[in-house]
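Secondary and tertiary structure notes
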Amino acid sequence: MLLRTTAFVALVLAASPAHAMPPPDTRPAECAVHAGSTVIHPWSDALPAHQRAAWLDATQLRWAAPAEASSVVLLRAPSPQLRLVPGAAPEGHAIRHALAPIRLEHTDARFSHVPGSTFELAEPLPTDAWRETLVVAALDADGRVLDATGLQNAGALDAVFAPKAKDAMLGATIDAGATRFALWAPTATNVSLCLFGATEASTADATPTIDAPLMRAEPASGVWTHTVPADLRGRRYAFLVDVLVPGVGLVRNRVTDPYALGLNADSQASVVLDLDDPATKPEGWANDRRPDTVQGNTDLVVYELHVRDFSRDDTTVPEAHRGTYLAFTHDDTAGMRHLRALAGAGLTDVHLLPTYDLASVPERDCARPKLPDGEGPAGEGVQAAIGAVRERDCYNWGYDPWHFNVPEGSYSTAPDEAATRVREFRTMVQALHQAGLRVGLDVVYNHTMASGQDRQSVLDRVVPGYYHRLNAQGEVETSTCCPNTATEATMMAKLMIESAVIWARDYRIDSFRFDLMGHQPKAAMLDLQRAVDAATGRRIHLLGEGWNFGEVADGARFPQATQGVLNGTGIATFSDRMRDAARGGRAGDRGEALNAQGWLSGLHHAPNAANAARPKAETEAELRRAEALIRVGLAGTLVDVETFDADGVVKPLRDIRYGSGPAGYASQPDEVVNYTENHDNLTLFDSNALRLPLETTRHDRARVQVLGNALVLLAQGVAYLHAGQEVMRSKSLDRNSYNSGDAFNVVDWTGERSTFGIGLPPAWDNEDSWPQMRVVLERAPDIAPRAEDAAFVNTWTQALLRLRRDEPLLRLATTDAVQAALRFVPVDGEPGLVIGHLDGRALPATHPAHGRQLVYVLNTDPRPRTATVAATGGGSWALHPALDGLAEGTLGADGRVSVPGRSVAVFVR
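Everything in this summary refers to the structure shown in the same document. Everything numeric here is computed off the predicted structure, so don't read it as measured data.

Conventions adopted
Residues numbered from 1 in each chain as written. Predicted model: local features only at pLDDT ≥ 70, side-chain atom pairs only at ≥ 80, totals over all residues. Heavy atoms only, no water. Helix = DSSP H or I, 4+ residues; strand = E, 2+ residues; numbered from the N terminus. Rg over C-alpha atoms; globule rule 2.2 N^0.38 Å. Buried < 20%, exposed > 50% of the residue type's maximum accessible area, 1.4 Å probe, protein only. Contact = heavy atoms within 4.5 Å. Areas by Shrake-Rupley, 256 points an atom, 1.4 Å probe, with all protein chains shown as cover. Lys, Arg positive; Asp, Glu negative; His and termini not counted. Charge placed at Lys NZ, Arg CZ, Asp CG, Glu CD. Salt bridge = Lys/Arg side-chain N within 4 Å of Asp/Glu carboxyl O. Pairing = 2+ DSSP bridges. Axes fitted to C-alpha atoms, helices over the stretch in contact; angles between N-to-C directions. Expected span 1.5 Å × (residues − 1). Disulfide = S-S within 2.5 Å. Phe/Tyr/Trp six-rings, centres within 6.5 Å; stacked < 30°, edge-to-face > 60°. Core = buried A, V, L, I, M, F, W, Y, C linked by side-chain atoms within 4.5 Å.

Some words on the overall build of the chain
Counting its regular elements, the chain contains 19 helices and 39 strands. Radius of gyration (C-alpha) of the chain: 30 Å, near the 29 Å computed for a compact globule of 909 residues. For the C-alpha atoms alone, the extent of the chain along its principal axes is close to 95 × 60 × 60 Å. The buried share of the chain, taken over its 909 residues, is 63%. Once local pairs closer than 6 in sequence are excluded, the contacts in the chain between residues at least 24 apart make up 75%. Counting only carbon and sulfur atoms, one obtains 51% of the accessible surface of the chain, whose full area is about 31200 Å². Across the chain, the centroid of the 85 positively charged side chains sits 2 Å from that of the 111 negatively charged ones.

Below, the structure is given as structure tokens:
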């Protein structure tokens, strides 16, 4: 160990010396304790547990040291038993390193959350120092502590270890008859491999057959490895990681592998798996091919679907396969017939809600609540029965990652058999491909289910403090709902990118939807795009939630993967502009805000009871503002495209306002996703049930649903539908059904059964809105859609899908094409009528839409409307054949258009 003598002082020895490791023969027993943790040496009660300082790199740190400090020093010790009491000299066996204040021209925004000044070590610490207790202290002239804190370590670990570790092969790999285990744990003092007997049913009783060899560390990378000269596929394993945990001490954590490809049931142990093993492949996997239906993003028509929702209530599926991956393999079921019909009409991608190993559903013996019979439509019994078991029942959306690279076991018929899980997942992908559908995954890399020493924490129990984003006190940020991951850190970005590659390359996933993508760096998403494309030899289409909020908002820590920031990348973000204008209010509305009406839901033309007394001039002005945002959405939310605003003035979409910001934010159509419903918040039917007048007829509700679906399918950009949107799906007004059990998440592919009116939605996320909801649910007999209403909407939606598929004018790939071809028609009189003219004559002769013309008319007014479409150039117009027998209306050679109330019509020439 090389240290400058001027930077070194040995402090006095405290009462207890550094604790020696327990004898090796304790390790097999500790391996057998599921998710166990043993404190080897506890944290001193006089040692700060917070981390108010942060390493910027290997030698520089940032901290708000007291201004009166005479010196600032770094203390490091092999034991967490230092005593740093204000007003007293530090006590304990430690090495002192002087820190010199320096001025930096620029501090990386990644560390801007930590206030203070920058200090620098004279030289880097030795590699093994990063395994020790590290504390920064401010001392007075007599060497007494003024203040002290721990240090956030991500900047240092990225500088010291990540350059070598970022290309390392991690996890369990089989090669030439040997099995290599590798774990990145640069701050660990020791790592052992827990290798369980091949025949054990669970790890809890596996003590007699456990091997626990010590692994070897590579100092430069922090990667620990151990190779067994045998093919261990199917064997269960875990790691024992001895590591310093601030506030806890030196602990021995038994953890699963963050890079695991296989798991046993309930994630008790990782499983060695070879994804090229024939046991993991369904018959015909080598010949599986995705449908060749998509070139660019604007060809995408995405359908968001939950694996369990798809078949759980479908009695045409064999009972043993309901709610599982294998349900997709039965061709002659209501669900698969429905999906094939949608695919035949033009649906391109099924996006599955999270299917990685998730933490919230027991994979063995999940609870099934007994629901009360005879409940009224606004009763409380159903939600109460679900609430009693909701943390251990069979249902969750799955936005609670545990292991990123393993299929979820609760959707498998054999969750304890790792190879079977993989095979069944691949069988599902293959079946959907054969049905004419590409497969997308909803992925959640922005947070984990748990952090710290929690049983379901993996990353933080391997490298404490590294993988999660921290606040100024060193606490994990939770703005996403859960412990936020730090994908700006090299090794967290590596985990995310390599995970996406596994799903794209080894499971043949065609596209991804990134949950809360705005919490991730733009640079990491671009690296991911390059990696998945290179690994598969084709374009993998990426879209995600580009919301701008939380501790990273407005680029506080890095340029984010948010709306507008991703311009020019081809990665698409969801647009809330047209969604909110159409539905009314905002996505998270509660209580009286649920009465707010939008373009679809009766604003101005059909006021509900809460809005009946509002002045007509006021609601008309509000409808004009909403209608401007409808045009923004139909035009792809493109910054440079122009249309007229609510005041009639023609502006680029960037100058039309959405709240306090611009309505137009995308530079190209492939950067925006249009939707009016998804798994989050109220379904479109439920939103309209709350906002439309109670006396609105069932058929008119169906017509409004068609209009909502038409907005998505006529808009430039990516089209996105929620499963069941085409059959008027209801969740009985539940605004957040992630943990509401099976009952509130029913989707009936036949349309014969509606969930609307099964009772009040769960109290834990809806009770503050029960007064508004109860009034509506009590009218369920008059509001709940009938089979004929669902069939009407389904027929219309499939016709609109065919229209989008057949008309390249609705899938323009560039802003130049949209600018050239799309014009909106001003309408005299009241708002409520949106008319778009797509003129392919303005496109190059080589364009597939050259010479083609379309006029679409969307009327949200309950009354028939007429208007004049200028610049149609004369000649005859006909209703588009894709809508044959459905659409009504006329467009004459004089440009005079006439359509019924609450309708959509598309004319072609």
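A few points about the pattern of salt bridges
Evaluation of the coordinates by the stated rule reveals 62 salt bridges. Among the salt bridges present, the one from D506 reaches R505, with a minimum N-O distance of 3.0 Å. Residue R505 is classed as partly exposed on the basis of its relative accessible area of 42%.

Here's the deal with the sheet that holds strand β5 (residues 95-102)
Sheet architecture is closed into a barrel: seven strands sit in the order β2-β3-β6-β5-β4-β7-β8, paired in mixed fashion. Each strand of the sheet is rotated relative to its neighbour by a mean of 35°, with strand direction disregarded.

Examining helix α7 (residues 418-434)
A rise of 1.5 Å per residue sets the reference length of α7, with its 17 residues, at 24 Å; its end C-alpha atoms lie 25 Å apart and thus fit the reference within 8%. In terms of burial, α7 is largely enclosed, as 14 of its 17 residues are buried.

Some details on the state of the cysteines
Scanning the entire structure with this criterion turns up three disulfides. Put simply, C366 and C394 are joined by a disulfide, and their sulfur atoms are 2.0 Å apart. Between C366 and C394, the S-S torsion sits near 85°, and that sign places the bridge as right-handed. Of this pair, C366 sits in the loop between β20 (356-358) and α6 (381-387) while C394 sits in the loop between α6 and β21 (401-407), placing them 28 residues apart in sequence. Since its relative accessible area comes to 5%, C394 is described here as buried. Looking at the chain, its bonded cysteines, counted consecutively from the start of the sequence, adopt the pairing 1-2, 3-4, 5-6.

Let's talk about the pairing of strand β31 (residues 718-722)
Judged by how many residues are buried, β31 sits mostly within the fold: five of five residues are covered. Residues of β31 alternate between two faces, with V718, Y720 and H722 on one and A719 and L721 on the opposite face, all of them buried. Relative to β31, strand β18 (residues 301-305) runs parallel, the two sharing four bridges. Opposite Y303, over in β31, you have L721 as the bridge partner. Pairing analysis gives two bridges linking strand β30 (residues 672-674) to β31, with the strands arranged parallel. Of the residues in β31, the one forming a bridge with V673 is V718.

Focus: the packing of aromatic side chains
In this structure the tally under the stated criterion is 22 aromatic pairs. Where F181 meets Y237, the ring centres are 5.0 Å apart and the plane angle is 65°; that geometry is what we call edge-to-face. Of the two residues, F181 sits in strand β10 (residues 178-184) while Y237 sits in strand β14 (residues 236-245), which places them 56 residues apart along the sequence. Using a relative accessible area of 1% as the deciding quantity, one classes Y237 as buried.

Digging into the pairing of strand β4 (residues 71-77)
Counting buried residues in β4 gives six out of seven residues, a clear majority hidden from the surface. Both β4 and strand β7 (residues 133-139) contribute to a ladder of seven bridges, which runs antiparallel. Across the sheet, the residue bridging to V72 is A138, located in β7. Two elements, β4 and β5, share five bridges in a ladder whose sense is antiparallel. Note that in β5 the partner of V73 across the bridge is A98.

Comments concerning the nonpolar core
In this structure, F181, W184, F328, L339, F512, L634 and L858 are the most contacted members of the largest nonpolar core, which totals 213 residues. Tallying contributions element by element places helix α9 (residues 490-506) first for this core, with 10 residues. Sequence-distant contacts of F512, defined by excluding residues within four places in its chain, comprise H351, L441, V443, A500, W503, A504, I540, H541, L542 and L543.

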